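Here is what each chain is made of, one letter per residue.
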Amino acid sequence: MRVRQFRFSDMALGLISLALVAFILALLSAAGASAEHWTANRQIVSTLGLTDLCIVTEARYTRHLSQADGHAAFQDHPMALEHFPSGAILSPPPHLRTHAPLDR
Amino acid sequence: MRHWIARQRYLIDYTVAALARRMAKNAGLVAVYTALVFVVASVLLYSHALKREAGFLLQGAPEVVLQKLTAGRHDLVPADYVEKLQGIRGVRSVQGRLWGYYFDPLAAANFTVMVPPDRVIPAGSIVIGEGIARTRGAAEGDVMAMRGSDGALILLRIAEILPRDANIVTADLLLVGEADFRALFGITPGLYTDVVLSVAQPREVRTIAEKVLLRLPDTRPVLREEILRTYEAVFDWREGIVLMLLVGAGLAFVILAWEKASGLSADEQREIGVLKAVGWETGDVLTMKLWEGALVSGFAFLAGFSLAYWHVFTFSAPLFAPVLKGWSVLYPDFRLTPAVDGLQLASLFLFTVVPYVAATLVPVWRAAVTDPDRVMR
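These numbers were taken from a predicted model, which means no experiment stands behind them. (Residues numbered from 1 in each chain as written. Chains lettered and ligands numbered in written order. Predicted model: local features only at pLDDT ≥ 70, side-chain atom pairs only at ≥ 80, totals over all residues. Heavy atoms only, no water.)

**Q** How should I be thinking about the interface of chain A and chain B in this particular structure?
**A** When the parts of a complex come together, some accessible area is lost, and that lost area is often used as the size of the interface. On the chain B side, the residues contacting the 69 residues of chain A number 90 residues. For the pair chain A and chain B, the two sides together bury roughly 7100 Å², of which 66% comes from carbon and sulfur. On the surface where chain A and chain B come into contact, there are 3 salt bridges. Residues Arg7 of chain A and Asp13 of chain B are paired through a salt bridge, measuring 2.6 Å at the closest nitrogen-oxygen approach. Linking chain A with chain B are 27 residue pairs in polar contact (both at pLDDT 80 or more). Among the elements of the structure, helix H1 (8–31), helix H2 (36–48), helix H3 (60–63), helix H4 (85–89) and helix H5 (94–97) of chain A are those that each provide at least two residues to the side of chain A that touches chain B. Looking at the side of chain A that touches chain B element by element, the count peaks at 17 residues for H1 of chain A. Residues that form the side of chain A that touches chain B fall into these classes: 37 nonpolar, 19 polar and 13 charged. (Contact = heavy atoms within 4.5 Å. Buried area = accessible area lost by both parts, 1.4 Å probe. Salt bridge = Lys/Arg side-chain N within 4 Å of Asp/Glu carboxyl O. Polar contact = N/O pair within 3.5 Å; in protein donor to acceptor, adjacent residues only side chain to side chain. Helix = DSSP H or I, 4+ residues; strand = E, 2+ residues; numbered from the N terminus. Nonpolar A, V, L, I, M, F, W, Y, C, P; charged D, E, K, R; others polar.)

**Q** For this particular structure, what's the right way to read unusual backbone geometry?
**A** Phi is mostly negative for residues that are not glycine, and the peptide bonds are mostly trans. Residues and elements named next belong to chain B. Its identity as a non-glycine residue notwithstanding, Ala108 has a phi of 55°, on the positive side. Mapping Ala108 onto the fold places it in the loop between strand S5 (99–104) and strand S6 (109–114). By relative accessible area, Ala108 is classed as partly exposed at 37%. Positive phi outside glycine occurs at Ala317, with the angle close to 50°. Assignment of secondary structure puts Ala317 in the loop between helix H10 (282–313) and helix H11 (321–325). Residue classification places Ala317 among the buried residues on the basis of a relative accessible area of 1%. (Buried < 20%, exposed > 50% of the residue type's maximum accessible area, 1.4 Å probe, protein only.)

**Q** For this particular structure, what's the right way to read the pattern of salt bridges?
**A** Oppositely charged side chains may form a pair once their charged atoms are brought near each other. Residues and elements named next belong to chain B. Summed over the entire model, instances satisfying the criterion amount to 19 salt bridges over all chains. Of the charged contacts in the structure, one is a salt bridge between Arg21 and Glu271, with a shortest N-O distance of 3.5 Å. Taken together, the residues Arg21 in helix H1 (residues 2–21) and Glu271 in helix H9 (residues 266–277) connect sequence positions 250 residues apart. According to the relative accessible area criterion, Arg21 is exposed, its value standing at 52%. On the basis of relative accessible area, Glu271 is assigned to the buried category, the value being 16%. Taking the shortest distance from any N to any O, the salt bridge between Arg206 and Glu225 comes out at 3.4 Å. Placement of Arg206 in helix H7 (residues 205–215) and of Glu225 in helix H8 (residues 224–261) is noted, with a sequence separation of 19 residues between them.

**Q** What's the story with the nonpolar core in this structure? I'm lost.
**A** If you look at soluble globular proteins, the nonpolar side chains tend to sit buried side by side. With 68 residues, the main nonpolar core has Leu53 of chain A together with Leu50 and Tyr231 of chain B as its most contacted residues. When contributions to this core are tallied by element, the ones reaching two or more residues are H1 and H2 of chain A together with helix H2 (23–57), helix H5 (167–170), strand S10 (173–176), H8, H10 and helix H12 (342–368) of chain B. Looking at this core element by element, the count peaks at 15 residues for H2 of chain B. Mapping this core onto the domain boundaries places at least three of its residues in each of domain 1 (2–58 + 232–376) and domain 2 (64–217) of chain B. Residues within four places of Leu53 of chain A in sequence aside, it is in contact with Arg63 of chain A together with Leu50, Ala54, Leu57, Leu58, Ile168, Val169 and Tyr231 of chain B. One finds Ala109, Ile128, Met144 and Ile158 of chain B within the second-largest nonpolar core, a separate group that totals 25 residues. (Core = buried A, V, L, I, M, F, W, Y, C linked by side-chain atoms within 4.5 Å. Domains from an automatic or database assignment.)

**Q** I'm lost on H1 of chain B in this one. Help?
**A** An α-helix turns once per 3.6 residues; consequently, residues spaced three or four apart project the same way. Across its 20 residues, H1 of chain B extends 29 Å between first and last C-alpha, which sits within 8% of the 28 Å expected from 1.5 Å per residue. Residues of H1 of chain B that are buried in the fold lie against H1 of chain A together with H2, H9 and H10 of chain B. (Expected span 1.5 Å × (residues − 1).)

**Q** Any chance you could explain the sheet that holds S5 of chain B here in plain terms?
**A** Either a parallel or an antiparallel arrangement is found when strands of a sheet pair, and the pairing is made through backbone hydrogen bonds. All names here are of chain B. One open sheet accounts for 6 strands, arranged S5-S6-S10-S7-S9-S8; its pairing is mixed. Bordering the open sheet on either side are S5 and strand S8 (143–147), each of which pairs with just one other strand. On average, each strand axis in the sheet is tilted by 40° relative to the strand beside it, whichever way the strands run. By the bridge criterion, 3 bridges tie strand S7 (residues 125–128) to S10 in an arrangement that is antiparallel. Bridge pairing in S10 links Val127 to Leu175. (Pairing = 2+ DSSP bridges. Axes fitted to C-alpha atoms, helices over the stretch in contact; angles between N-to-C directions.)

In structure tokens:
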């Protein structure tokens, strides 16, 4: 019986193939992902009149980001600093930064 | 063709054997490279999926939300504002909304309390989001005690828990009847939190908002297009911040890869010299090094991206959770719908794989075209 000799290329190509299979599975899973609950969720948004996604709940102005004004983060007391961690990673709404005509 | 394949396999054999000779250094490089692709891909996937979901869901948001401002702060809107708005041409409907925040000392979490405009919730009952149920350990039929603005306890029975699938919009939501809402916050009848306007012609929204400002100068309209833009910008910003933080890691990797690739060690130079002396051609040396670059960066890209995909969409991005969570106790546990953007994938490939392969090839080419005798000295 002939024993197959170990080859480095088998190992390397095997590893790459494994990674490739994982990659293709990821792409297939994304392509087949169902967004059925989206329609139901949009219905909830529209019937309740919701304005924001519930991503961060720690501060009023990061929970309802689009409803906050430019000073919301500093309103707790005079000279108040913005102190919620999420405030550091969420930017103020762009319509406040551009000072649009409707901005107050 | 068979000959060509066999030849490439021998080259790969040699390449991997050469990599294995400097095992620790190369394994470290592959691990760091994979980790870098993993983090960058996680950020891109997470932001893209959230942006897509926000864009779709918030199409259902109100066309105009009108807030009243007093001394630069939100104030309650009197009912006669609603009547004044009804007279504006182009406005289909005007509705006063009741909503606010309740800090629950038991859970030490913030809830969003709202009176639903589409249904009447019987007095003494509430409907809660899955996040509240999880945080409070509550089930349907349980009674939740809430402290009103006058300090009195109000007992409310949980009539329904909103589905977990809707967590991205309802996790911290507590729906309550109007009478209970007013009792809880001490808001007298005739006052609303804000006003929602529905407009007949979507193109007229901005004009109507301007008319509203003329009629009620102490108000501030927030348009749906602004809400949508807010979320688009927020995720761009967040993506930008995380990527900025990663610049340091990226630069460290560039130095590592550059050092490995460009600063050919004396050993490697001698190796190339020996290969050329025993009859390898410049093309063979380059192909061998091309394989090295392709194997290392190809593996790092494929593995890093796949790991990022499962991290974000199967495990809900636990590595980002501490950043997003901040100090909030009630953390919305939502699962994003998987989405991969082709352009994003292509740019990730372009920025991670191509530079590495290029950095490997150039110095080797320089060494390979030099006379073997000189290289070996």
